[in-house]
Amino acid sequence: MAKQKRRKPPKPQQRSAEPTVAQQREEWRRAKAEDEALEELGLMLDLEGREPPKYDVIAGADARDQIDRLELLLAYYRWTVLTGTTPVPEDWEASEDWPHPEAADALFGSWDGLVDSSRIEDGLLIELVDKALDAHAKLKARGEELERRARGMDDEAAKGAELRRQMELAGQRRDEAIGRAQEADGALERALAENQRLRERAAALEAQLATEQPEAAAPPPDFDDWLQGFEQQLAAQAATEAARDELHSRLEELATERERDRQTIAELSRLLAAADTETDGAPTEEAAEEPPATVLDAVERAAAEAEHLRFAPRAFETAADSPFRRPGLVLKTLRQLDRLAERFEAGDMGMSLSQAAAGLGITQYKQGVSELARTRYEKDYTFSYEGRELLVGPHIGLGSGSGAAFVARIYLHAHEGGDGLERGLIVAVVGRHLPDTTT
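Keep in mind that what you see is a predicted model, and the values were worked out from it rather than measured.

Conventions we followed
- Residues numbered from 1 in each chain as written.
- Predicted model: local features only at pLDDT ≥ 70, side-chain atom pairs only at ≥ 80, totals over all residues.
- Heavy atoms only, no water.
- Helix = DSSP H or I, 4+ residues; strand = E, 2+ residues; numbered from the N terminus.
- Buried < 20%, exposed > 50% of the residue type's maximum accessible area, 1.4 Å probe, protein only.
- Contact = heavy atoms within 4.5 Å.
- Areas by Shrake-Rupley, 256 points an atom, 1.4 Å probe, with all protein chains shown as cover.
- Axes fitted to C-alpha atoms, helices over the stretch in contact; angles between N-to-C directions.
- Parallel < 35°, antiparallel > 145°, perpendicular 65-115°, else oblique.
- Left-handed = near helix turned anticlockwise from the far one by under 90°.
- Pairing = 2+ DSSP bridges.
- Phe/Tyr/Trp six-rings, centres within 6.5 Å; stacked < 30°, edge-to-face > 60°.
- Salt bridge = Lys/Arg side-chain N within 4 Å of Asp/Glu carboxyl O.
- Arc of directions from axis to C-beta.
- Patch = residues over 30% accessible without salt bridge, like charges linked within 9 Å, V, L, I, M, F, W, Y side chains within 5 Å.
- Lys, Arg positive; Asp, Glu negative; His and termini not counted.
- Charge placed at Lys NZ, Arg CZ, Asp CG, Glu CD.
- pLDDT = per-residue confidence, 0-100.

All right, on to the overall build of the protein chain then. Per the secondary structure count, the protein chain includes twelve helices and seven strands. Counting over 439 residues, the protein chain shows a buried share of 30%. Once local pairs closer than 6 in sequence are excluded, the contacts in the protein chain between residues at least 24 apart make up 64%. Accessible area for the protein chain stands at about 30,000 Å²; split by element, carbon and sulfur atoms hold 52% of it.

This is the structure we're talking about:
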């Protein structure tokens, strides 16, 4: 038998969205009641014969122009913010994403009218750009000045290196001359002692001969040997006296050469001290003065001149013990540090002390010492100032080479203030390198 198809159940009827007659009748009654209530209150208006109001064409056009102007100004401001520059007509002519410049002619009379209406020239952006340009010009001038000073410092360093080389050569010649003179002195003393011994020996033999000759009718058996030895001794004495005369002559030559070397070293030391007291590669009134003779002299002179830099008692004690051969460089650096102390006292410098020091020509400035050295040698890194125990930190290296005669250090303490002691830079140690892990 054929299988019968199942019939789908009928879909439920959906209610119509149209209001029913009862609903419409109820709505009409409610509206009629409202009109009657308004009529009783005297609030119904008679609109028959009254014309509707007319549209203000002029006000509408002005409103549309104002909106168009605002849209154009918004585009002008948006371009300025996004690009960092104010647009010109050519910028918008080449782009379909921005209004055409002719819109400015229609709405503002001209492109300049648009710019004037934007008041962009009175805004902070233009002021910031002007300040940035001024700052760039100042930085460029500062960079040129630093480059000039760096070239001067390179020239000064080259001149100082040559002077140090000549001074070291003169020192070597002096040391060699002193060594030769000492050898000559020793040889002379030995020759004189030998000569004296020979004279005493000859006198003793003559006395013995005078004593024994009356008793002996003939010479002793060993007289020939003795006479030969005596003649050899006389020959040796003559050679010793000749060597002595030669040594005397050589000693006089060495003394003359040593005096010449001493004068050369003194002149080189004077030139090096004058070079050390020069500033920025050019002589100043300070360079015309007599260079300090010792490190202590340099520290005392700097302390008497300083207006901002302070000196602890230990600075003078260590300076008196320093054999550093360039006290003029110490005086020059302390004068530079006095200018750095002035900036540090003023407060926020806008840069670190090492950067400010480099700007003043102090190239070997170190910000601090290692914590290991300060802990291991705490006593050496501590100093007293106005009843307080303070620690050294920043320091400046001076000179080159090895040994306390050729290198020195100036150790400082940068006090921040706020504890009864005013803010400032204090010179703690001048002279020998303090002990650390490398010494």
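Turning next to helix H5 (residues 111-118). The set of residues buried in H5 consists of Trp111, Gly113, Leu114, Val115 and Ser118. One or two steps after H5, the chain reaches Arg119, where phi turns positive at roughly 55°.

All right, on to the packing of helix H8 (residues 295-305) against helix H9 (residues 313-320) then. One way to put it is that H8 packs onto H9 with a least axis distance of 7 Å and a crossing angle of 155°. Judged by the angle between their axes, H8 and H9 are roughly antiparallel. Taken as a pair, H8 and H9 cross one another with a handedness that is right-handed. Facing H8, whose interface residues are Val295, Leu296, Val299, Glu300 and Ala303, H9 presents Phe316, Ala319 and Ala320.

Further remarks concern the pairing of strand E3 (residues 382-385). Regular strands show a simple pattern: their side chains alternate between the two faces of the sheet. Residues of E3 alternate between two faces, with Phe383 and Tyr385 buried on one and Thr382 and Ser384 left unburied on the opposite face. With four bridges joining them, E3 and strand E4 (residues 388-391) adopt antiparallel strand pairing. Of the residues in E4, the one forming a bridge with Thr382 is Leu391.

For the rest of this paragraph, the subject is the packing of aromatic side chains. Taken as a whole, this structure holds six aromatic pairs when the rule is applied. Their ring planes at 80° and their centres at 5.3 Å tell us that Trp92 and Trp111 sit as a pair that is edge-to-face. Separated by 19 residues along the polypeptide, Trp92 in helix H3 (residues 89-93) and Trp111 in helix H5 bring together distant segments of the chain. Residue classification places Trp92 among the buried residues on the basis of a relative accessible area of 1%. In this structure an aromatic cluster arises from ring pairing among Tyr76, Trp79, Trp92, Trp98 and Trp111.

Turning our eyes to something else, we now look at the packing of H8 against helix H10 (residues 327-345). Packing of H8 against H10 leaves a shortest axis separation of 8 Å and a crossing angle of 20°. Classified by the interaxial angle, the pair formed by H8 and H10 is roughly parallel. Once H8 is placed against H10, the crossing between them reads as right-handed. Where H8 approaches H10, its residues Val295, Ala298, Val299, Arg301, Ala302 and Glu305 are matched on the opposing element by Pro327, Val330, Leu331, Leu334 and Arg335.

Strands pair in a sheet through their backbones, by hydrogen bonds, and they do so in one of two ways: parallel or antiparallel. Pairing in this open sheet of five strands is mixed, and the strands run E1-E7-E6-E5-E2 from one edge to the other. Strands at the two margins of the open sheet, each flanked by one partner only, are strand E1 (310-311) and strand E2 (365-366). Pairing between E1 and strand E7 (residues 424-431): two bridges, direction parallel. Bridge pairing links Arg310 to Ile426 in E7. Along the sheet face, H9 touches E1 and E7 and points at about 20° away from the line of E7.

Inspection of the entire model under this criterion finds ten salt bridges. A salt bridge links Glu27 to Arg30, with the shortest nitrogen-to-oxygen separation between them at 2.1 Å. With Glu27 and Arg30 both in helix H1 (residues 21-41), this residue pair falls three residues apart, about one helical turn. The class of Glu27 is partly exposed, set by a relative accessible area of 42%. For Glu416, the salt bridge identified is with Arg423, shortest N-O distance 2.6 Å. Overall, the relative accessible area of 53% leaves Glu416 in the exposed class.

Here we come to H8. Taken together, the buried positions of H8 are Val295, Ala298, Val299 and Ala302. The buried residues of H8 occupy an angular sector of 95° when the element is viewed end-on, so they sit on one face. Considering only its buried residues, H8 is in contact with E1, H9, H10 and E7.

Residues Glu34, Asp35, Glu39 and Glu40 make up a contiguous surface patch of negative charge. By the element assignment, Asp35 lies in helix H1. The exposure class assigned to Asp35 is partly exposed, which follows from its relative accessible area of 40%.

With respect to burial, E7 is a largely interior element, eight of its eight residues being buried. Where strand E6 (residues 407-415) and E7 come together, seven bridges link them in antiparallel fashion. Bridged to Leu412 within E7 is Val427.

This part covers a nonpolar patch on the surface. Together, Leu38, Leu41 and Leu43 make up an exposed nonpolar region whose accessible area comes to about 300 Å². Relative to the elements of secondary structure, Leu43 occurs in the loop between H1 and helix H2 (57-83).

Here the protein chain averages 80 in pLDDT, and 81% of its residues register 70 or above. Predicted confidence is poor over residues 1-5, with pLDDT under 50, and the contacts of this stretch with residues over four places away or in other chains come to zero contacts. Confidence drops under a pLDDT of 50 for residues 280-287, and excluding neighbours within four residues, the segment shows ten contacts in the predicted structure.

Working note: non-glycine residues mostly have negative phi, and peptide bonds are mostly trans. At Glu386, a residue that is not glycine, the phi angle is positive and equals roughly 50°. Topologically, Glu386 is positioned in the loop between E3 and E4.

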